[in-house]
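Residue-level listing of the chains:
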Amino acid sequence: MEKPIDVAIIGGGPAGLNAALVLGRARRTVVVIDDGRPRNKVTREVHNFLTRDGIPPSEFRRIAREQMERYPHVGFVQDTAVNVTGADGDFRVTTEQGTFVRSKKLLFALGMKDVPLPIEGLAEVYGISAFVCPYCDGWEHRDKPVALIANGEGAMHAAKTIAGWTSTYVICANGPAGLNEAQRRELMRRRIHVFESRIARIESIEGQVQRLVLADGTVVACKAILFSPMLVAGSRLPQALGCQVLESGAVLIDDIGRTNVPGVYSAGDVATKLYQAVTAASMGSIAAIGINSDLLDEAWVSDS
Ligand SMILES: Cc1cc2nc3c(=O)[nH]c(=O)nc-3n(C[C@H](O)[C@H](O)[C@H](O)COP(=O)(O)OP(=O)(O)OC[C@H]3O[C@@H](n4cnc5c(N)ncnc54)[C@H](O)[C@@H]3O)c2cc1C
């Protein structure tokens, strides 16, 4: 059986790719296993990433892969990792198509996945005129009329946040708004209207939202939608190895990306609540340095 490589990385988004870059430059043997389903696949442009503001996500990855070609010990497997076993020093990853990778260390950079809201017409506008993060896409929708699909504390938070980008917005709670009297008074004082009828459908033209039609017949005209999908981890593999996770599957890590399982690390969206590409890349870099330091320490001790 072949000797283990240094690091298997599951997930080739900004987190996994940046980790691979740092490890490749540290002369580590690395395999990145990725099945090409990044969370931002629906969007046309990545924003807030210095030197890459406005780049399509696919182009971002293409450049990353191209730059990695300089480092001969970094390999890629385009497939889904379906099984992970083993322990520190000898992990075994199997993919759907039957590729088998043995590695001393393992990095989960799995990202998160949206659980889509069941609203007719939302899929057609998502990533074009419906967005989930004002920091990512608020600039493109500045000063436009926006419908916030949110309720409860989420609605209050969305209302306060979007105020940085536009002053024309309403809340469509898609049912009971779940607001207390004080919150209702606060929104009324700011002239933020709350619609509590269910959203029957979203009407759009070529991805540009035109209006929300509510079940009670009300029509809410707007140019953009801000909403929060429920998120779940990109895979349940960390649980299989005994990693501590939150209910969503998000992996708990320390300051340098170590999980509670020796030899297993995590980075990016699956290990933070700050869902930004540059944050994910930074976490990938931090975890890679953590992994390399641990490998160097282990080699130093075994040589003594
Ligand atoms: C609509 C939208 C717009 C966004 N816009 C921006 C923006 O403008 N700027 C910004 O900074 N951020 C933006 N984000 C957030 C950004 O996309 C994420 O923060 C970033 O992609 C996280 O990187 P990651 O590497 O952690 O995960 P991802 O990019 O999601 O990559 C994870 C990878 O792991 C793979 N994977 C998962 N499980 C397996 C498995 N079992 N086997 C093999 N591969 C697996 C997935 O296929 C995926 O390719 C946006 C998000 C959304 C949803």
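Residues numbered from 1 in each chain as written. Predicted model: local features only at pLDDT ≥ 70, side-chain atom pairs only at ≥ 80, totals over all residues. Heavy atoms only, no water.

1. Some details on the nonpolar core
Put simply, the rule is: Grouping buried Ala, Val, Leu, Ile, Met, Phe, Trp, Tyr and Cys residues that are joined through side-chain atoms within 4.5 Å yields what is termed a nonpolar core. Exposed residues in this analysis have more than 50% of their type's maximum accessible area, buried residues have under 20%, and partly exposed residues fall in between, with area computed by a 1.4 Å probe over protein chains only. In this text, helices come from DSSP runs of H or I with a minimum length of four residues, and strands from runs of E with a minimum of two, each type numbered from the N-terminal end. Whether two residues are in contact is decided by their heavy atoms, any of which lying within 4.5 Å being enough.
Judged by nonpolar contacts, the single largest core of 48 residues is most densely connected at I9, I10, V84, V93, L106, L107 and F108. Ranked by residue count, the leading element in this core is helix α8 (residues 277-303), at six residues. Sequence-distant contacts of L107, that is, excluding residues within four places in its chain, are made with A8, I9, I10, A19, Y265, S266, A267, A287 and I291. With 19 residues, the next largest nonpolar core counts A147, I149, I199 and V220 among its residues.

2. Details of the packing of helix α1 (residues 14-25) against helix α2 (residues 57-68)
This is how it is decided: Geometry is summarised by axes, namely lines fitted to C-alpha atoms with helices restricted to the contacting stretch, and by angles between N-to-C directions that run from 0 to 180 degrees. Here is the rule for angles: anything less than 35 degrees is roughly parallel, anything more than 145 is roughly antiparallel, 65 through 115 is roughly perpendicular, and the remaining ranges are oblique. Should the near helix be turned counterclockwise from the far one by less than a right angle, the crossing is left-handed, whereas a clockwise turn marks it as right-handed.
Running from N to C, α1 and α2 point in directions that differ by 15°, and their axes come no closer than 10 Å. Relative to α2, α1 is oriented roughly parallel. Relative to α2, α1 is oriented so that their crossing is left-handed. Taking contact as the criterion, the partners of P14, L17, A20 and L21 in α1 are, on α2, F60, R61, A64, R65 and M68.

3. Some remarks on the sheet that holds strand β14 (residues 219-221)
Where we set the bar: A strand pair is defined by DSSP finding two or more bridges across the two strands.
In spatial order, the strands read β12-β13-β14; together these three strands make up an open sheet with antiparallel pairing. Looking at the sheet topology across the chains shown, the edges are occupied by β12 (199-205) and β14. Recorded for the sheet is a direction-independent mean angle of 25° between the axes of neighbouring strands. In this sheet, strand β13 (residues 208-214) lies alongside β12 in antiparallel orientation, the contact comprising six bridges. The partner of S204 across the bridge, within β13, is V209.

4. Quick notes on the pattern of salt bridges
Here is the rule: Note on definitions: salt bridges are taken to be side-chain nitrogens of Lys or Arg within 4 Å of carboxyl oxygens of Asp or Glu.
Counted by the stated rule, this structure contains 18 salt bridges. Across the salt bridge formed by R37 and D35, the nearest N and O atoms sit 2.9 Å from each other. R37 sits in the partly exposed class, given a relative accessible area of 41%. Taking the relative accessible area as the measure of exposure, D35 reaches 26% and is therefore partly exposed. The salt bridge involving R201 is made with E203; its shortest N-O contact spans 2.9 Å. Salt bridges here are not isolated pairs; linked through shared partners, they connect D6, R28 and K104.

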